Amino acid sequence: MLRPKQMSKLSVTGSKRVMGSVVELVHDQHVLDVSEYDGSWEGFQPGDPEAEAEAASEKLVTVRSIKSILDVDAEAATPQSITEAEIEAQLPEIQDAVNELDDRRDTLREELRGIEERLDAVEPFVELGIDLNLLGGYDSLEVAVGHGDYDSVERELLDAEGIQQYEIFTGGDVLAVFVYPSEHAEGVLDDALVGAAFTSLEVPDSEVAPESYVREIESEKQGIESEIEGVADELAALEQEHASFLLAAEEELQIEAQRAEAPLSFATTENAFVAEGWVPTEHYEGVAATLKEELGDRIDVEEVERAQFKSDGEAVHEHGEAVADGGTTIGSDEPPVVQDNNGFVQPFEVLVNAIGRPTYSEFDPTALLFLTFPLFFGFMIGDVGYGIVYTAIGGYLYTQFDSPGFKSMGGVTIAAGLATILFGVFYGEIFGLHLVSEYVWGGNAPLHKGLIPEYSYWVPGWILISALAALVHLNIGYVLGFFEELQFHGLKAAVVEKLSWIFAMNGLWIFIASKWFENSKPEFIFTVFDSGEKAAFALGFGGFPVIVGQAGIALFVLGALLLGFGAPAELVEIFDALVNVLSYARLAAVLLAKAGMAFAVNLFFFGVAVTGEGEEASWHFMTDHAYHVGDMYHGEPVTEIMFGGLMHGGLASLLGGILVLVLGHMLVLALGVTSAGLQAVRLEYYEFFSKFFDGGGREYEPFGHERQFSRQD
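- As named in an unreviewed UniProt entry, the chain is A-type ATP synthase subunit I, taken from Halolamina salifodinae.
- A UniProt comment under Sequence similarities (unreviewed entry) is attached to the chain, and it reads "Belongs to the V-ATPase 116 kDa subunit family."
- Of the chain, the UniProt comment under Subcellular location (unreviewed entry) reads exactly: "Membrane".

Set out below in structure tokens:
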């Protein structure tokens, strides 16, 4: 799983007379990723598409246009056999019927837009409340209707010359201004309104009241909408009648066009052709046998390259014969990548491919991501309740969506949720409550997050566990990088570029875990794994001896010297051996932060009673009833009530508490994705992948088509 499937480059040479047969056979096999001819051979030109290519492409455009108009539902279609003659006969009839209805619908929609514009135009006149025929057509009066400011308009009318009398009617912000001009005066109203805050409206051409006019227009609108619905029903009937045919025709035409355009990728002369492409090595014999069985001596089939590599990167044949560079194949394309992961691991390819598909020569980190990402996530959240919710969400994504992306994210979420449940069992928590600890572990879970004072010594333990996880994770990355460098660039490059970092990082942390300069180091380094009463993990380890620490420093210096020998400028980065490991402390930080948030939510709802004092204090959620100072809790007196709990404060308090409880845990769930999920991804991408992974591989795109809507009888 750490390597992609091995690929072979297949070459087919033959007469142009059998080129079509080769294309058809290879297309049906659907395993050959065709290489594009790069024009490097003298006397060879890219092939010409078959005569059917243009006609098939034109029909394909027509079918897709009809599909778009009818909004064809692919899920309701049933596969059917279809012939070119049936496409020729039925497609023009369907096109004519669909286009006629579509044109009619467009015309009706345009009419509807015009009606809606008329409705918008008459709306201000409804507010005004004056019959439309009274707003114009006078010989002795000038009239203007529009949006404006009453005071501004009146001021301009008072100051204007040539006006004997005026009247202003209002309806909302709509004004109707009537002016009786002086004798021989013309256009005085328009001149007066130039300086006013006034925007004219065109008066609709009607003899009725605005309300009646609106009813007339709405009646027209309903009629047009009814006609549009009728057209939509006719289109829906056509969609139901022809959906299967259109989908099958599209698929058949797509296959026909693909086959007809295939020669564009071949190297051809007047009488011969050469076609090449990549095929998974496991399928090479089958493809070659099929071609030879059907076409015999009329073609020559050869495996011109098998993508294995020596340390210098030179490609070799299966039997070790080197493939020379410089034109023995029609293209210099890199082999495509087929990631070789099983069904459990495959969903995690979405996380790898998000930053780049592995190149053929790189290790594929998907399997390692499958192992480490859920562990990081589950460690940070560690709660049975949250884990169940995450698993349910993942199951929904995986089962309810056909999109490969959604299904993959569902698989990733399921794995993260299961890991969260597993860690939750060991922490003894469900939605932040210690019920699992009570009922499964008898009140003493094997792991503690460290929020309660009596278990606070677990906090430095998680910091050291994060560092150990970092050392394991980063060492795997460096070792993979070492083997990649060894394979492609030789021992020297592998030593100075990767082994140097392995020596430096491990040597430095061996020194840190040793008793050399013990008094200058944090005390918890030597107590977390010791056998004392406050040891989180009582393994009897209190630090490496001094001599081991000195050996660690020597190893660190050796790593620095090797790094400087290969790239002196990189010596300034040598203390990344410390920083990269400390970066994993975010695992412990998120663990404590999420535990603290869940604790706070439960604190508000249930309340917390405290037994004991100082470092011996224990916190207990009051899930059954409220306690008071002096009450006995499991044989110990209550010394403090940290918070009384909303559930114990009456009906209103209870209802508010339920809201806090639900929304609070929903927030913790959401932040679990945005913090724990993103932090885990960051550690994978930035810290781990950077040690051996670049990405940029080419996707495997085999020539052919998986039939979904059409059948070959």
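## Some words on the sheet that holds strand β15 (residues 632–633)
1) Next: Read from one edge to the other, the open sheet built from four strands follows the order β14-β13-β16-β15, with strand pairing classed as antiparallel. Two strands bound the open sheet, and with one partner strand each, they are β14 (618–621) and β15.
2) Next: Pairing of strand β13 (residues 608–611) with strand β16 (residues 636–643), which is carried by four bridges, proceeds in the antiparallel orientation. Its bridge partner being in β16, Ala609 is matched across the sheet by Ile641.

## Here's the deal with empty space enclosed by the protein
1) Next: If you walk through the whole model with that rule in mind, you get one cavity of 30 Å³ or more.
2) Next: Roughly 40 Å³ of internal volume is contained in the largest cavity.
3) Next: In terms of lining residues, the largest cavity is bounded by Ile381, Asp383, Tyr386, Glu429, Gly432, Lys449, Lys594, Ala595, Ala598 and Val668.
4) Next: Here the lining of the largest cavity gets three residues from one element, more than from any other, and that element is helix α18 (residues 586–606).
5) Next: Looking at the lining of the largest cavity residue by residue, the classes come out as five nonpolar, one polar and four charged.

## Details of the pattern of salt bridges
1) Next: Enumeration according to the criterion identifies 16 salt bridges in this entry.
2) Next: Notably, a salt bridge pairs Glu429 with Lys449, separated by 3.1 Å at the nearest N-O pair. Of this pair, Glu429 sits in the loop between α11 (404–427) and α12 (435–440) while Lys449 sits in the loop between α12 and α13 (458–489); the two residues are 20 residues apart in sequence, bridging distant segments of the chain. The burial state of Glu429 is the same as that of Lys449; both residues are buried.
3) Next: When salt bridges that share partners are traced, they join Arg64, Lys67 and Glu250 into one network.

## Focus: the UniProt feature "coiled-coil region" (unreviewed entry) in the chain
1) Next: Under the UniProt annotation, "coiled-coil region" (unreviewed entry) lies at residues 84–118 and 214–241.
2) Next: Structurally, residues 84–118 comprises 100% helix and 0% strand, and the distance from its first C-alpha atom to its last is 50 Å.
3) Next: Helix makes up 100% of residues 214–241 and strand makes up 0%, while its end C-alpha atoms are separated by 40 Å.

## A look at the packing of aromatic side chains
1) Next: One pass over the structure, following the stated rule, counts 41 aromatic pairs.
2) Next: Centroid distance Tyr457 to Trp458: 6.4 Å. Interplanar angle 35°. Geometry classified as tilted.
3) Next: Overall, the relative accessible area of 5% leaves Trp458 in the buried class.
4) Next: Centroid distance Phe688 to Phe692: 5.2 Å. Interplanar angle 70°. Geometry classified as edge-to-face.
5) Next: Using a relative accessible area of 5% as the deciding quantity, one classes Phe692 as buried.

## Quick word on the pairing of strand β1 (residues 7–15)
1) Next: A large share of β1 lies buried, amounting to seven of its nine residues.
2) Next: Pairing of β1 with strand β10 (residues 272–280), which is carried by nine bridges, proceeds in the antiparallel orientation. Bridge pairing in β10 links Ser11 to Glu276.

## Let's talk about the layout of surface pockets
1) Next: Here the largest pocket is characterised by a volume of approximately 850 Å³.
2) Next: For the largest pocket, the lining is made up of 35 residues, of which His434, Glu438, Ile452, Trp619 and His620 are closest to its centre.
3) Next: Breaking the lining of the largest pocket down by element, the ones donating at least two residues are α12, α18 and β14.
4) Next: Residues belonging to the lining of the largest pocket are distributed by class as follows: 16 nonpolar, 12 polar and seven charged.

## Some words on the side chain of Glu251
1) Next: Note that Glu251 resides in helix α6 (residues 210–261).
2) Next: One buried charged residue, Glu251, forms no salt bridge at all, with the nearest opposite charge on Arg707 at 4.9 Å.
3) Next: Looking at Glu251, its side chain comes within polar contact range of the main-chain nitrogen of Gln708, at 2.8 Å.
4) Next: What Glu251 contacts, discounting residues up to four positions off in sequence, is His705, Glu706, Arg707, Gln708, Phe709 and Ser710.

## Concerning the side chain of Thr611
1) Next: Examined against the element boundaries, Thr611 turns out to sit in strand β13.
2) Next: Residues within four places of Thr611 in sequence aside, it is in contact with Glu616, Ala617, Ser618, His620, Tyr633, Glu636, Pro637, Val638 and Thr639.

Cut-offs applied
- Sequence order as written defines residue numbering, which begins from 1 separately in each chain.
- Local features in this predicted model are restricted to residues whose pLDDT is 70 or higher, and side-chain atom pairs enter the listing and the counts only when it is 80 or higher, whereas totals over whole chains, interfaces and linings include all residues.
- Side-chain metrics rest on all non-hydrogen atoms present in the structure, leaving aside hydrogens and water.
- UniProt positions are given in the numbering used here, feature names are shortened, and annotations may be inferred rather than shown by experiment.
- Any two strands with at least two DSSP bridges between them are considered paired.
- Runs of E in the DSSP output that reach at least two residues are strands. Runs of H or I that reach at least four are helices, and both are numbered from the N terminus.
- Lining residues are defined by having an atom within 4 Å of a point belonging to a cavity or pocket. Those points lie on a 1 Å grid over the protein atoms alone, cavities being sets where a 1.4 Å probe fits but cannot get out and pockets being open sets with protein on both sides within 12 Å along at least five of seven lines.
- Grid points are joined across faces, edges and corners, and a volume is the space filled by probe spheres set on the points.
- Classification convention: Asp, Glu, Lys, Arg as charged; Ala, Val, Leu, Ile, Met, Phe, Trp, Tyr, Cys, Pro as nonpolar; all other residues, Gly among them, as polar.
- We define a salt bridge as a side-chain nitrogen of Lys or Arg found within 4 Å of a carboxyl oxygen belonging to Asp or Glu.
- Throughout, exposure labels follow a simple rule: accessible area from a 1.4 Å probe, protein chains only, divided by the maximum for the residue type, with under 20% read as buried, over 50% as exposed, and the rest as partly exposed.
- Centres within 6.5 Å are what make two rings of Phe, Tyr or Trp a pair, Trp counting through its six-membered ring; a difference in plane orientation under 30 degrees is then read as stacked, over 60 as edge-to-face, and the rest as tilted.
- Asp and Glu are treated as the negative residues and Lys and Arg as the positive ones, with His and the ends of the chain left uncounted.
- Whenever two N or O atoms come within 3.5 Å, that pair is a polar contact, provided that in protein one can donate a hydrogen and the other can accept it, and provided that, for residues adjacent in sequence, both atoms are side-chain atoms.
- Contacts: residue pairs with any heavy atoms within 4.5 Å of one another.

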